[in-house]
Every structure is written in C-alpha cells, then in structure tokens.
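Single-letter residue listing:
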Amino acid sequence: MAFTNEKLTSEQAGEFNSLKIKRPIFGFGRIIREIDMELPWYWTIDKERKMYLMPTSRDRDYPDERVFIFVWNNKNYLVQFNVSFENGYTVVWNIPKKYLINNLFPYCTEENFLDDLREALIVYGVSGDPDNSDEKCSTKCNF
C-alpha cells in the first residue's frame, strides 16, 4: 500500500496514543525541551507498513525549516527539511540550511529509510491536509 494523507479516526487516535511520541519545543534555533505530542488532526500514513509522518512545532525564527516525526520500523525519528517552492506550484524539500534538531541528515542509515521518507514527503506535499490538496501543486525532494 502507499502513503496517503488522512484525518485521524477515533480508532487511529488510539493507535497514535500508543506510539508515545514526544515533540520538540523550539527557541533560539534549537530544541529547548520535549513534551508529549498532542493528537494531530491528520497524518501521512502507509497503513499496511505502519509508517507515519507528522509535522511538529516550528521555530518562528526559521520558518522555512520544518520538523517532522517519522515513525518507521516501530521507531520514532525526528527529521528536518527546508521547504522552498519552484515556479509557485512545486513544493521542494531540501536538506536543512540550519539544523534545529540534534540528528543530522540522513537521520538513519538503514536500507530503504530515505526512500520511504522521500515517498512520505512527496505525498505530504505542502501541508499533509487531505482537504487542502491542490492538484496543480507537485512535490519533489532534493535528497
């Protein structure tokens, strides 16, 4: 099965809570603490392979740096990418320009990790919101 952007159902909310995910709180370009992640409204999910991509908080001083939780092989990875746009219609995910997290790209060296993460980001697009998908917008990853 492939990744899709979905609103969480009540059943998925229970699944999310079982993951016990922590999310970072940013300030001054770094993580200042971590807290339990609140239930997201939606996520990018591959149900069959039990992989999830969810955005976390941002640092207002670095608005083009986006941090996500990527659940892969039952492990939670904090990953970061710089977002830019080409021609107004293409979302481009790049290696960070300013790291806000302690983990550095490629975040995991296990086989298929980057391929799966790339696939999730392409489906996530600009917001991951299934109600706001724009067919004119495309996504690419520069990693």
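Residues numbered from 1 in each chain as written. Predicted model: local features only at pLDDT ≥ 70, side-chain atom pairs only at ≥ 80, totals over all residues. Heavy atoms only, no water.

So, about the side chain of R23. Note on placement: R23 falls in strand β2 (residues 22-27). A distance of 3.2 Å separates the side chain of R23 from the side chain of S57, its partner in a polar contact. Other than its neighbours up to four places away in sequence, R23 contacts R33, E34, I35, M37, T56 and S57. (Helix = DSSP H or I, 4+ residues; strand = E, 2+ residues; numbered from the N terminus. Polar contact = N/O pair within 3.5 Å; in protein donor to acceptor, adjacent residues only side chain to side chain. Contact = heavy atoms within 4.5 Å.)

Let's shift gears to unusual backbone geometry. Residue F105 is joined to P106 through a cis peptide bond whose omega torsion reads 20°. Along the chain, the position of P106 falls in the loop between β8 (90-94) and α2 (113-124). Positive phi values are uncommon outside glycine, yet K50 reaches one of about 50°. Phi angles above zero are rare outside glycine, and N87 is one such case at about 55°. Mapped onto the elements, N87 comes out in the loop between β7 (75-86) and β8. Under the relative-accessibility criterion, N87 is labelled exposed at 70%. (Buried < 20%, exposed > 50% of the residue type's maximum accessible area, 1.4 Å probe, protein only.)

The next point concerns the sheet that holds strand β1 (residues 4-7). Pairing is mixed in the open sheet, where seven strands are placed in the order β1-β4-β5-β6-β7-β8-β9. Edge positions in the sheet fall to β1 and β9 (138-141), since each of these pairs with one other strand and no more. Each strand axis lies, on average, 35° off the axis of its neighbour in the sheet, ignoring direction. For strand β4 (residues 42-46) and strand β5 (residues 51-55), the ladder comprises three bridges, and the chain directions are antiparallel. If you follow D46 over to β5, its bridge partner there is M51. Most of the contacts of helix α1 (residues 10-18) go to β4, to which it runs at about 80°, and overall it touches β1, β4 and β5. (Pairing = 2+ DSSP bridges. Axes fitted to C-alpha atoms, helices over the stretch in contact; angles between N-to-C directions.)

Attention shifts here to α2. Counted at 1.5 Å a residue, the expected span for α2 with its 12 residues is 16 Å, and the 16 Å between its end C-alpha atoms agrees. Among all positions in α2, only F113, D116, L117, A120, L121 and Y124 are buried. Down the axis of α2, the smallest arc covering the buried residues is 135°, so these residues share one side. One or two steps after α2, the chain reaches G125, where phi turns positive at roughly 70°. (Expected span 1.5 Å × (residues − 1). Arc of directions from axis to C-beta.)

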